[in-house]
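Descriptive structure summary
Here is what each chain is made of, one letter per residue.
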Amino acid sequence: VLVRKKEACETIGSVSVICSDKTGTLTQNKMCVARIYLEGGYRNLAEAEKFKGFVTNCMVNSTADLERSEGEEKYIGSATECALLSMWGKRLNYSRAREEVQLVRQIPFNSQNKYMLTIIKENNEYHILSKGAPEVILKQCSYERVDGKVKKLTKERIDEILGFMGNLQSQSMRVLAFADQKVPLTVNVENQTDWRGQLVFNGFVGIKDPLREGVKEAIEVAREAGVETKMLTGDNIQTALAIGKEIGIVGHGKRAVEATYIDTLSDEALEREIGQIAIVARSKPDTKMRIVQALQKNGEIVAVTGDGINDAPALSKADVGIAMGIAGTEVSKNAADIILADDSFGTIVEAVKWGRGIYNNFQRFIQFQLTVNIIAFLIAIISQVLGEEMPFSTIHLLWINIIMDGPPALALGLEPIRATVMKRKPT
């Protein structure tokens, strides 16, 4: 734990609610593709390689990179995109694929649009590649490709596809959908902003991100210490709910909602309801900000984790802003009070314990100093009032104050942190 603002040492011990990201904090941020559904059926990797549109979408419609050294793979950029690149391993070279295509336009993914779109020029036509949140991609599609043939995408078929996706999401997988379309060069795609009903649905992948070791236990320790954990994630509600059940933050009157539900609530209604909400899915930066404000108005001391540029306002607004040391942007680190060197939720709980220990040691130091000094002061006053001679000389009092009072107080101020600090409610 790197503390950027020293007052955070004490505040972290007083925290009563932790609003945490999921990816990288509660989970390992080592995304890997677990299931592939293409053109009407589940496929293995060898079969998926034959679907050229999907392969190009994974490799070209991306800004991520992999760094391989000494047999280890380091993700650079979006962990979800890196999982798609990592899936191909050494079978396909994504760097060469990017160099060989003629890039026309790229719309990067963000928390508002929830999709990434790349347009390339090949064989005297434009090839539009889109990937992102299933609900967004399905709105972009009027057709789907099944076994190489393009068919109309009906309402019944969309419900069937959503059922398949829901099955993966209930297994705590993040689902990413894919679509593409080839159009003539005469079509003005460079200035187009609305893609609804324009593309052909290809399929989707289920991406798994394993839980960090010890997260479940850390959340239980926090609960015993009177610290509630809330998960604010960009994932959809099924995936978030599956993770929430796994780590034990939903149930017992606590529920999961989507950011759209938070948007419908007034500030007063949010203040009333936020106590029962443990998970906010499809969370946006402004949603995070409103939640922090609602909790603070309810008298909670709030710690917020964040790693993106958009998280900076919430990190600044929180009583303790906690940035990710590995995945975090410089903007989020500068806005935060504390930086986690290992991005782990367990470290936050350790920091709470440490903060409480520091507070207790301050108390011990001050109590000991006050006890000795108040008694010395009272003896001096009482002896004067009664007209008696002072039992101590000035040198005696100086000796008590400097030698007998100072070192023991310092020793109490450096006491090891006791496990019992996490068995009581926050101060």
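For the structure, see preceding data.
Residues numbered from 1 in each chain as written. Predicted model: local features only at pLDDT ≥ 70, side-chain atom pairs only at ≥ 80, totals over all residues. Heavy atoms only, no water.

Quick word on the overall build of the protein chain
Threshold: Numbering goes from the N terminus for both helices and strands, where a helix is a DSSP run of H or I of at least four residues and a strand is a run of E of at least two. Only C-alpha atoms enter the radius of gyration, while the globule expectation follows 2.2 Å times N to the 0.38, with N the number of residues. Contacts were defined at the residue level, with two residues in contact if any of their heavy atoms lie within 4.5 Å. Here the Shrake-Rupley method, with its probe set to 1.4 Å, supplies the accessible areas, and only the displayed protein chains count as covering residues. Charged residues are defined here as Lys and Arg on the positive side and Asp and Glu on the negative side; His and the ends of the chain fall outside this count. For charged residues, the charge sits on one atom: NZ in Lys, CZ in Arg, CG in Asp, CD in Glu.
When its secondary structure is counted, the protein chain shows 16 helices and 19 strands. Taking 2.2 N^0.38 as the reference for a compact globule, 427 residues should give roughly 22 Å; the C-alpha atoms of the protein chain span a radius of gyration of 29 Å, well beyond that estimate. Along the three orthogonal principal directions, the C-alpha set of the protein chain runs to about 110 × 50 × 35 Å. At a minimum sequence separation of 6, the contacts of the protein chain that also span at least 24 residues come to 66%. Of the roughly 20,900 Å² of accessible surface on the protein chain, 55% is carried by carbon and sulfur atoms. Taking the 52 positively charged and 53 negatively charged side chains of the protein chain as two groups, their mean positions are separated by 5 Å.

Some points on the side chain of Arg-282
Counted only if it meets this: The cut-offs for exposure are 20% and 50% of the maximum accessible area for each residue type, with area from a 1.4 Å probe on protein chains only; residues under the lower value are buried, those over the upper are exposed, and the others partly exposed.
Positionally, Arg-282 belongs in the loop between strand E16 (277–281) and helix H12 (285–297). Note on Arg-282: relative accessible area 13%, which makes it buried. Beyond its immediate chain neighbours, meaning those up to four positions away, Arg-282 contacts Lys-114, Ala-133, Pro-134, Glu-135, Thr-233, Gly-234, Asp-235, Asn-236, Glu-258 and Ala-259.

Some thoughts on the packing of aromatic side chains
Inclusion rule: Stacked, edge-to-face and tilted are the three classes for Phe, Tyr and Trp ring pairs, Trp counted by its six-membered ring, which pair at centre distances within 6.5 Å; planes under 30 degrees apart are stacked, over 60 edge-to-face, the rest tilted. Look at NZ for Lys and CZ for Arg. If either is within 6 Å of the ring centre and within 35 degrees of the ring normal, a charge sits over the ring.
Evaluated as defined, the whole model comprises 6 aromatic pairs. For the ring pair Tyr-42 and Phe-164, a centre distance of 6.3 Å and an interplane angle of 75° mean the geometry is edge-to-face. Taken together, the residues Tyr-42 in strand E4 (residues 41–43) and Phe-164 in helix H7 (residues 155–169) connect sequence positions 122 residues apart. Note that Lys-152 overlies the ring of Tyr-143, its terminal NZ or CZ placed 5.1 Å from the centroid.

Concerning helix H15 (residues 345–385)
Basically, it comes down to this: For a helix, the expected span equals 1.5 Å multiplied by the residue count minus one. Identification of polar contacts relies on pairs of N or O atoms within 3.5 Å, with a donor-acceptor requirement for protein atoms, meaning one able to donate a hydrogen and the other able to accept it, and with residues adjacent in sequence counted only if both atoms are side-chain atoms.
With 41 residues, H15 should cover 60 Å at 1.5 Å per step; its first-to-last C-alpha distance of 59 Å lies within 8% of that length. With a side-chain oxygen lying 3.2 Å from the backbone nitrogen of Gly-346, the N-terminal cap of H15 falls on Ser-344. Count one or two residues on from H15 and you reach Gly-387, which has phi positive near 75°.

A closer look at the nonpolar core
Threshold: The nonpolar core is taken to be a set of buried Ala, Val, Leu, Ile, Met, Phe, Trp, Tyr and Cys residues, with the residues joined through side-chain atoms within 4.5 Å.
Residues Ile-12, Met-231, Ile-247, Ile-279, Ile-322 and Phe-345 are the most contacted members of the largest nonpolar core, which totals 34 residues. Taken together, the elements giving at least two residues each to this core come down to helix H1 (8–14), helix H8 (215–224), helix H9 (237–247), E16, strand E18 (320–324), strand E19 (338–340) and H15. By residue number, the principal contributor to this core is H15, which donates 5 residues. Apart from residues lying up to four places away in sequence, Ile-12 is in contact with Val-320, Ile-322, Ile-338, Ala-351, Val-352 and Gly-355.

Things to note about the sheet that holds strand E15 (residues 255–258)
This is how the line gets drawn: When DSSP locates at least two bridges between a pair of strands, those strands are taken to pair. Every axis corresponds to a line fitted to the C-alpha atoms, with the helix fit spanning only the stretch in contact, and the corresponding angles, defined between N-to-C directions, vary from 0 to 180 degrees.
What the 8 strands build is an open sheet, ordered E1-E19-E18-E17-E2-E14-E16-E15; its pairing is mixed. Looking at the sheet topology across the chains shown, the edges are occupied by strand E1 (2–3) and E15. Where strand E14 (residues 228–232) and E16 come together, 2 bridges link them in parallel fashion. By the bridge assignment for E16, Met-231 is matched with Ile-279. Those strands touched by H12 are strand E2 (17–20), E14, E16 and strand E17 (302–306), and its axis lies near 165° from that of E17.

Quick notes on unusual backbone geometry
Outside of glycine, negative phi angles account for most residues, and trans bonds account for most peptide bonds. Positive phi outside glycine occurs at Asp-147, with the angle close to 50°. Examined against the element boundaries, Asp-147 turns out to sit in the loop between strand E10 (141–146) and strand E11 (149–152). Although it is not a glycine, Ser-172 sits at a positive phi angle of roughly 60°. Residue classification places Ser-172 among the buried positions, given a relative accessible area of 7%.

Brief notes about the packing of H8 against H15
Heads up, the condition is: Angles below 35 degrees are treated as roughly parallel, those above 145 as roughly antiparallel, those between 65 and 115 as roughly perpendicular, and all remaining angles as oblique. By the definition used in this description, the sense in which the near helix is turned from the far one sets the handedness, with an anticlockwise turn below a right angle giving left-handed and a clockwise turn giving right-handed.
It is the contact of H8 with H15, at a shortest axis distance of 8 Å, that shows an interaxial angle of 30°. Taken together, H8 and H15 sit at an angle that is classed as roughly parallel. Taken as a pair, H8 and H15 cross one another with a handedness that is left-handed. Between H8 and H15, the contacting residues are Val-215, Ala-218, Ile-219, Val-221 and Ala-222 on the first element and Phe-345, Gly-346 and Val-349 on the second.

Some points on the pattern of salt bridges
Heads up, the condition is: By definition here, a salt bridge exists when the distance from a side-chain nitrogen of Lys or Arg to a carboxyl oxygen of Asp or Glu is within 4 Å.
By the definition in use, this model includes 26 salt bridges. Residue Arg-174 is joined to Asp-235 by a salt bridge in which the shortest nitrogen-to-oxygen separation is 2.5 Å. Note that Arg-174 is positioned in strand E12 (residues 173–184) and Asp-235 in the loop between E14 and H9, a separation of 61 residues in sequence. Given the relative accessible area of 19%, Arg-174 is considered buried. Asp-194 is the partner of Arg-196 in a salt bridge, and the nearest nitrogen-oxygen pair spans 3.1 Å. The exposed category is assigned to Arg-196, whose relative accessible area is 58%. For Asp-194, a relative accessible area of 38% corresponds to the partly exposed category. Within the structure, one salt-bridge network assembled from shared partners comprises Asp-21, Lys-288 and Asp-311.

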